[in-house]
Amino acid sequence: MLFYVLRRVLILIPVYLGLTLSTFTLIRLVPGDAVEIMMGEKAVDPAMHAQALQRLGLDLPLPVQYWHYLTNILQGNFGESFRTRTPVLQDFFQHFVPTVELAFCAILIASILGITMGVIAALRRGSWLDYTLMSGALAGYSMPIYLLGPILTGIFAHYLGWLPVSGVISVAQYLDVQPLYGSWLLGSLFSGQSGAFWDVVKHFILPSIALSTIPLAMIARMTRSAILEVLGEDYVRTARAKGLSPRRVIMVHVMRNALITVVTVVGLQAATLLAGAILTETIFSWPGVGSWLLDGFFTRDYPIVQNGILLVATALMLVSLLVDILYGVINPRIRHAS
């Protein structure tokens, strides 16, 4: 198992170097001058413009800029924002933790409901229940977030008044509550203010549901397909012929072999959500990493875009590594074959 994990880690090294080159290059292909955007009218003065370029290191040749960028990353230095002068790593965690919390809630909802729907649909193949569940999954997959978000907000926030519209916490009610290690859930839990935690939980509900619809549909459909494929295998028929109970056949022989596909889909969907759901974060005014990166892109804040994308990609690669390790745990044949 150790050699299996080491191989997967070594594969990530050239991928990581390729990511650093991509993030460095692509942001510089976008038209616009970072100094002009940052300085505004002051950038008209050529002397101040040149001085700002020199201070930011943007007057150096591109290969030299890339070398400084790469060496700083290897030393753990992710730079400072051009605009706010705050460390990028600090800003990243302040925005990434809310994204992780939201993604976790969304993937938890999608996994529980999606796997349940897929199993029921597969075991009731061809029935009205199968068609109903898969039609619902298809409708959820086809519903865009920019349409579903306002519908959920209109029904549950404006019409029924059950849930808050946007944000992470009711600021007017809980002025003194601050995030703890970037987490509003922890900050509200240890704030000492009664009701703050449940207020934050209420703010999580609508964006989590909106964000979970597409992963839920994918997980449900792939779970159904994986189980139907395994149900046709010879070892399943043999297990039934030996007189094993249907529950044991499903749980021991079917689900374990179908889990490879399910884990793949759940891992991919979780990685996608961790990258920052810009539409969901925009609709619900969520302080996530997606909106943070988008703001940095529009202002040509190179350190935020370059290192923010790289940090997000690092998280995605760790999720991918975890999925690969789970493959080896679920099916030992995979790690032995590799």
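Residues numbered from 1 in each chain as written. Predicted model: local features only at pLDDT ≥ 70, side-chain atom pairs only at ≥ 80, totals over all residues. Heavy atoms only, no water.

**Student:** Just to check I follow, could you spell out the overall build of the chain for this structure?
**Tutor:** Looking only at helices and strands, the chain features 15 helices and 0 strands. Expressed as a percentage of its 338 residues, the buried residues of the chain come to 42%. Pairs at least 24 apart in sequence give 72% of the contacts found in the chain among residues at least 6 apart. Carbon together with sulfur atoms contributes 67% to the accessible area of the chain, which is approximately 18300 Å² in total. (Helix = DSSP H or I, 4+ residues; strand = E, 2+ residues; numbered from the N terminus. Buried < 20%, exposed > 50% of the residue type's maximum accessible area, 1.4 Å probe, protein only. Contact = heavy atoms within 4.5 Å. Areas by Shrake-Rupley, 256 points an atom, 1.4 Å probe, with all protein chains shown as cover.)

**Student:** Is there a simple way to think about the pattern of salt bridges in this case?
**Tutor:** Between side chains of opposite charge, a pair can form when the charged atoms approach closely. For the structure shown, the criterion picks out 2 salt bridges. With its nearest N and O atoms 3.4 Å apart, the salt bridge here joins Glu 80 to Arg 85. Taking the relative accessible area as the measure of exposure, Arg 85 reaches 41% and is therefore partly exposed. We note a salt bridge from Arg 224 to Asp 130, for which the minimum N-O separation is 2.9 Å. Residue Arg 224 is located in helix H9 (residues 196–231), and its partner Asp 130 is located in helix H6 (residues 128–142); the two are separated by 94 residues in the primary sequence. Across the pair, exposure class does not vary: Arg 224 and Asp 130 are buried alike. (Salt bridge = Lys/Arg side-chain N within 4 Å of Asp/Glu carboxyl O.)

**Student:** Please explain the nonpolar core as it appears in this structure.
**Tutor:** Counting residues in each nonpolar core, the largest one holds 39 residues, and the members touching the most others are Phe 92, Val 289 and Trp 292. Elements with a contribution of two residues or more to this core: helix H4 (62–74), helix H5 (88–123), H9, helix H11 (246–274), helix H13 (289–298) and helix H14 (302–330). In this structure, Trp 292 is in contact with Val 88, Asp 91, Phe 92, His 95, Ile 304 and Gly 308, ignoring residues within four places of it in sequence. Ranked by size, the runner-up nonpolar core spans 14 residues in total, among them Ala 226, Val 236, Val 249 and Ile 250. (Core = buried A, V, L, I, M, F, W, Y, C linked by side-chain atoms within 4.5 Å.)

**Student:** Honestly, the layout of surface pockets in this entry has me stumped. Any pointers?
**Tutor:** Where empty space is left in the structure can be found by rolling a water-sized probe over the atoms. Within this model, the second largest pocket holds a volume of roughly 170 Å³. Lining the second largest pocket are 11 residues, and of these Leu 211, Ile 214, Thr 272, Leu 273 and Ala 277 lie nearest its centre. Looking at the lining of the second largest pocket residue by residue, the class counts come to 7 nonpolar, 4 polar and no charged. (1 Å grid on protein atoms, 1.4 Å probe; cavity = no way out; pocket = protein on both sides within 12 Å on 5 of 7 lines; lining within 4 Å. Points joined across faces, edges and corners; volume = space filled by probe spheres on them. Nonpolar A, V, L, I, M, F, W, Y, C, P; charged D, E, K, R; others polar.)

**Student:** Help me out: how do you make sense of the packing of helix H10 (residues 234–241) against H11 in this one?
**Tutor:** Between two packed helices, what matters for the description is the angle formed by their axes and the separation of those axes. Relative to each other, H10 and H11 sit at 175°, their axes nearing to 10 Å. The orientation of H10 relative to H11 falls into the category roughly antiparallel. Residues Tyr 235, Val 236, Ala 239 and Arg 240 of H10 pack against Val 249, His 253, Val 254 and Asn 257 of H11. The residue inventory of the contact of H10 with H11, partitioned by class, reads 5 nonpolar, 2 polar and 1 charged. (Axes fitted to C-alpha atoms, helices over the stretch in contact; angles between N-to-C directions. Parallel < 35°, antiparallel > 145°, perpendicular 65-115°, else oblique.)

**Student:** Help me understand the packing of aromatic side chains, please; the structure alone is not making it clear to me.
**Tutor:** A ring pair, where both rings are aromatic, is described by two values, the distance of the centres and the angle of the planes. In the structure shown here, the tally under the stated rule is 7 aromatic pairs. Taken together, a centroid distance of 4.7 Å and an interplanar angle of 15° make the contact between Phe 92 and Phe 96 stacked. Of the two residues, Phe 92 and Phe 96 are both situated in helix H5; the distance of 4 residues between them amounts to about one turn of the helix. For Phe 96, a relative accessible area of 10% gives the class buried. (Phe/Tyr/Trp six-rings, centres within 6.5 Å; stacked < 30°, edge-to-face > 60°.)

**Student:** Before we go on, may I ask you to explain a nonpolar patch on the surface in this structure?
**Tutor:** Side chains of Tyr 146, Leu 147, Ile 151, Ile 155, Tyr 159, Leu 160, Trp 162 and Leu 279 sit close together on the surface and give an oily, nonpolar patch of about 880 Å² of accessible area. Ranked by the residues each element gives to the nonpolar patch, the list is headed by helix H7 (residues 145–159), at 5 residues. Examined against the element boundaries, Tyr 146 turns out to sit in helix H7. (Patch = residues over 30% accessible without salt bridge, like charges linked within 9 Å, V, L, I, M, F, W, Y side chains within 5 Å.)

**Student:** I tried to follow the UniProt feature "transmembrane region" (unreviewed entry) in the chain on my own but got confused; where do I start?
**Tutor:** The sites that UniProt annotates as "transmembrane region" (unreviewed entry) are residues 9–30, 100–123, 144–175, 195–219, 258–284 and 304–330. Spanning residues 195–219, this segment combines 96% helix with 0% strand, and its end C-alpha atoms are found 34 Å apart. (UniProt positions renumbered as here; feature names shortened; annotations may be inferred.)

**Student:** Before we go on, may I ask you to explain the side chain of Ser 111 in this structure?
**Tutor:** If you trace the backbone, Ser 111 turns up in helix H5. Classification of Ser 111 as buried rests on a relative accessible area of 15%. Among the polar contacts made by the side chain of Ser 111, one reaches the main-chain carbonyl oxygen of Ile 107 at a distance of 2.7 Å. Apart from the residues within four sequence positions on either side, Ser 111 is in contact with Thr 116, Ile 219 and Val 266. (Polar contact = N/O pair within 3.5 Å; in protein donor to acceptor, adjacent residues only side chain to side chain.)

**Student:** Just to check I follow, could you spell out H6 for this structure?
**Tutor:** An α-helix turns once every 3.6 residues. As a result, residues three or four positions apart point the same way. Helix length check: H6, at 15 residues, gives a terminal C-alpha distance of 21 Å against a target of 21 Å (1.5 Å per residue), a fit within 8%. Turning to H6, its buried residues number three or more, namely Asp 130, Leu 133, Met 134, Ala 137 and Gly 140. For H6, the angular spread of buried residues about the axis comes to 115°, placing them on one side. Turned more than 90 degrees away from the buried face of H6, the exposed residues are Trp 128, Tyr 131 and Ser 142. Taken together, the buried residues of H6 touch H5 and H9. (Expected span 1.5 Å × (residues − 1). Arc of directions from axis to C-beta.)

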